[in-house]
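Here is what each chain is made of, one letter per residue.
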Amino acid sequence: MGIAKTSALVLLSLAALIGISSAAPASCVPSSISQYVPQWYCSNINGAVVSNWYQWQPLVFIAITMAFMIAAVIFLAGVALRNERLRNFAIGELYEATATTIIAAVFLFLAAVVFGVFPAVVAGPVDPYSVALSYISTTLTTTNSTITNMFNTIMLDMFYGSISTTVTGAAAGATGILVAIPNELTNAIFTFFIIPARSVVYLLSDGLLILHTQFYLVLFFMYTAIPVFLIPGILLRAIFPLRNLGGIMIAIAIAFYLIMPVLFSVAYYFTNTGLIQILSSYSQQIAINGVGAQAQTNAATPSSPLVTAVQGIQNAMGSFWLSILFYPALIAAIAYQSIKIIADFIGGATKTTSKLRAV
């Protein structure tokens, strides 16, 4: 009876995996919803999942099959020795092998079907990876442009401010006197524009570094989640002593391949549109009013165009840091908690170890 159940489970599991992994990009969705699914779904997400899966599919099948066979051997040994605890442990191992197969199939289903089809049906051709990377890239470009325009204007004003007027005259007992005439315009420009602008440039430069980190983090897990974490995790989970480690690696793949890009796309969709518009508007204002002699006259009073532009960017810094620091930190915390919850749910090492000790 145990061998029959084992064989049935193996065939069912392999059939499920083959059905999921054999979806070719050319026909990756049913015809009933093909009108909603754009080309990026079949060519990018589904194609990436399938290509990565095909490379490791035989090894994963062997590992899962071996897990079933070992569990069956333990079950037969328990029956032969009439050891109820050993037999229960073998049944638990059969469940764990089945769970490993289901986890692989569910991940592939989520990544290759729900991850692409659901956004296409609900919100149109929205790829979470494309949306997240696009918004981060746009924010990078806008921030870099703002820093460049502000830096050029600051350097131009400082150059003009370095030019001073001096008067040299003769006096009794001296060959000459050097008298510097204070430049009130330069002092006003430093007070109202240069000092605030430099502080904003420093803050935006720090934000630029954080944005680059986020961009390459999303890109890194986009390419490595399946071959580096998911596939080895499935292999390790099929081996009893390494089940906990395998569960952790599968949880990392799920959190960083599925959860993180979706959260990034949602966060940037709701926060970055207005921020990018604000930064672009004030950056253009600085570029227009910071040319030639205008860079001096447009920065001399509290109501000058360059001064108001810097003040506008300062007012937007709260949204800027909320977008690039608070929300990514929150996403990282959610991803970390997801890893802990998923690893604890699918690792199964604690319960299995307790069953082994009871044998």
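Above this text sits the structure in question.
Residues numbered from 1 in each chain as written. Predicted model: local features only at pLDDT ≥ 70, side-chain atom pairs only at ≥ 80, totals over all residues. Heavy atoms only, no water.

What about the side chain of Ser323?
Residue placement: Ser323 occurs in helix 8 (residues 305-347). Judged by relative accessible area, Ser323 falls into the buried class, the value being 2%. Excluding its chain neighbours within four sequence positions, the residues that come into contact with Ser323 are Tyr268, Thr271, Asn272, Leu275 and Pro328. (Helix = DSSP H or I, 4+ residues; strand = E, 2+ residues; numbered from the N terminus. Buried < 20%, exposed > 50% of the residue type's maximum accessible area, 1.4 Å probe, protein only. Contact = heavy atoms within 4.5 Å.)

Some words on the environment of Ala104
When you line up the elements, Ala104 lands in helix 3 (residues 84-123). Remark: the alpha-carbon pair of Ala104 and Gly233, spanning 129 residues in sequence, is separated by 9.6 Å.

Brief notes about the packing of aromatic side chains
Under the criterion given, the structure shown has six aromatic pairs. Pairing Phe215 with Tyr216 gives two aromatic rings, centres 5.4 Å apart and planes at 85 degrees, and the pair type is edge-to-face. With 5.5 Å between their ring centres and 65 degrees between their planes, Phe326 and Tyr327 make a pair best called edge-to-face. On the basis of relative accessibility, which here comes to 25%, the residue Tyr327 falls in the partly exposed class. Counting every residue linked through ring pairs, the aromatic cluster contains Phe220, Phe221, Phe229 and Phe256. (Phe/Tyr/Trp six-rings, centres within 6.5 Å; stacked < 30°, edge-to-face > 60°.)

Thoughts on the pattern of salt bridges
Here the structure, examined in full by the defined rule, presents three salt bridges. Two residues, Arg243 and Glu93, come together in a salt bridge whose shortest N-O distance is 2.9 Å. Separated by 150 residues along the polypeptide, Arg243 in helix 6 (residues 243-289) and Glu93 in helix 3 bring together distant segments of the chain. For the pair Arg243 and Glu93, a shared accessibility class is recorded, and that class is buried. Across the salt bridge formed by Arg237 and Glu96, the nearest N and O atoms sit 2.8 Å from each other. Linking Arg237 in helix 5 (residues 184-237) with Glu96 in helix 3, this pair joins segments that are 141 residues apart in sequence. (Salt bridge = Lys/Arg side-chain N within 4 Å of Asp/Glu carboxyl O.)

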